[in-house]
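For reference, the chains in residue letters:
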Amino acid sequence: MSQVGEVPVDELIASIAVDVPDFPEPGVVFRDLTPVFADAAAFRRVVDALTEPADVDPRAAALSGGGRGFDVVAGVEARGFLLAAAVALDAGTGVVPIRKAGKLPRERVSADYALEYGTATLELHTDSVRPGQRVLLVDDVLATGGTLQAAIALVERLGGVVTAVAVVIELAALAGRERLAPHPVHALWTT
């Protein structure tokens, strides 16, 4: 067995991710996960770990009658797309993109949100999520929670049920988890 399989997933991510100071603007430390994605064994571990909360979360299990707790995986632009697509493929479900404003060509719903370094808008096609559909929401980083809060609002506006939020990194000092309550949050590495 390789060392990748022996190391706890949080330590694995911390050992491969690269901190980039002052990006995208001064004072922000960007956690670059692209080296984790480029390492096949590490990426496999991350994908497997992101799927776990939706399989065991009591809220998700109750909604699904005890089975897998999601029908579709939604990923937030852009790194969330990579993760959500891999999780969906692995789980045998579809994947739904939650995009930045102006990227979706058909009827859509929108939600504005604040980032730790600015503001933005997310959009979702109105036919992407059906009423009652159980959604696993995936992104790379949970910081202040604004992006994921907007994504949850979009899914719920269409009648979907976010059964779990799964992220690779949670920046605990920014208290994003509290903004997402009561939705269960599963972070692979909390820093």
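Look up a bit, the structure's there.
Described in the following lines is the structure provided in the data block. Remember, predicted model here, so these are calculated numbers, not experimental data. Per chain, the residues get numbers from 1 upward, laid out in the order the sequence is written. In keeping with the model being predicted, local features are shown solely for residues with a pLDDT of at least 70 and side-chain atom pairs are shown and tallied solely at 80 or more, while totals for entire chains, interfaces and linings include all residues. By convention in this description, side-chain values take in all heavy atoms of the structure and omit both hydrogens and water.

Quick word on the nonpolar core
Inference 1: Residues grouped as a nonpolar core are buried Ala, Val, Leu, Ile, Met, Phe, Trp, Tyr and Cys residues, joined through side-chain atoms within 4.5 Å. Buried, partly exposed and exposed residues are distinguished by accessible area as a fraction of the type maximum, computed with a 1.4 Å probe on protein chains only: under 20%, between the cut-offs, and over 50%, respectively. In terms of nonpolar packing, the biggest core is built from 33 residues, with Ile13, Leu33, Val46, Leu50, Val73, Leu136 and Val168 touching the most fellow members.
Inference 2: Strands here are runs of E lasting at least two residues and helices are runs of H or I lasting at least four, both read from the DSSP assignment and numbered beginning at the N terminus. Those elements that provide at least two residues to this core are helix H2 (9-16), helix H3 (34-38), helix H4 (40-56), helix H6 (79-91), strand S7 (134-142), strand S8 (161-170) and strand S9 (185-190).
Inference 3: Ranked by residue count, the leading element in this core is H6, at six residues.
Inference 4: What makes two residues a contact is simply this: any of their non-hydrogen atoms within 4.5 Å. Contact partners of isoleucine 13, with chain neighbours within four places excluded, come to Leu33, Val36, Val46, Val168, Ile169, Leu188 and Trp189.
Inference 5: Ranked by size, the runner-up nonpolar core spans 27 residues in total, among them Ala74, Val109, Val165 and Val185.

Some thoughts on the pattern of salt bridges
Inference 1: Each salt bridge in this description consists of a side-chain nitrogen of Lys or Arg and a carboxyl oxygen of Asp or Glu lying within 4 Å of one another. Evaluation of the coordinates by the stated rule reveals nine salt bridges.
Inference 2: When the shortest N-O distance is used, the salt bridge between glutamate 77 and arginine 99 registers 2.7 Å. Of this pair, glutamate 77 sits in the loop between strand S3 (72-76) and H6 while arginine 99 sits in strand S4 (residues 94-100), placing them 22 residues apart in sequence.
Inference 3: A relative accessible area of 17% means that glutamate 77 is categorised as buried.
Inference 4: Via salt bridges that share partners, Arg44, Asp48 and Asp90 belong to a single interconnected network.

Considering the packing of aromatic side chains
Inference 1: Pairing of aromatic rings covers Phe, Tyr and Trp, the last counted by its six-membered ring, and requires centre-to-centre distances within 6.5 Å; plane angles under 30 degrees mean stacked, over 60 mean edge-to-face, and any other angle means tilted. One pass over the full model with this rule turns up two aromatic pairs.
Inference 2: Here phenylalanine 23 and phenylalanine 30 contribute two aromatic rings whose centre-to-centre distance is 5.4 Å and whose plane-to-plane angle is 80 degrees, an arrangement assigned as edge-to-face.
Inference 3: Here phenylalanine 37 and phenylalanine 43 contribute two aromatic rings whose centre-to-centre distance is 5.6 Å and whose plane-to-plane angle is 65 degrees, an arrangement assigned as edge-to-face.
Inference 4: Owing to a relative accessible area of 21%, phenylalanine 43 belongs among the partly exposed residues under this scheme.

Topic: H6
Inference 1: Expected helix span is given by 1.5 Å per residue-to-residue step, counting one fewer step than there are residues. Taking 1.5 Å as the rise per residue, H6 with 13 residues should run 18 Å; its terminal C-alpha atoms sit 19 Å apart, in good agreement.
Inference 2: If you check which residues of H6 are buried, you get Gly80, Leu83, Ala84, Ala86, Val87, Ala88 and Ala91.
Inference 3: One or two steps after H6, the chain reaches glycine 92, where phi turns positive at roughly 75 degrees.

Things to note about the pairing of S7
Inference 1: Buried residues dominate S7, accounting for eight of its nine residues.
Inference 2: Here, strands pair whenever DSSP counts at least two bridges between them. Across four bridges, the pairing between S3 and S7 is parallel. Note that in S7 the partner of glycine 75 across the bridge is valine 138.
Inference 3: Direction of pairing for S7 relative to S8: parallel, over a ladder of eight bridges. Paired with arginine 134 across the two strands is valine 161, which belongs to S8.
Inference 4: A clockwise path from the first strand over the helix to the second, with the strands pointing away from the viewer, defines a right-handed crossover. In this fold, S7 hands off to helix H7 (residues 146-157), which returns the chain to S8; that crossover is right-handed.

This is a description of form; function is not addressed.
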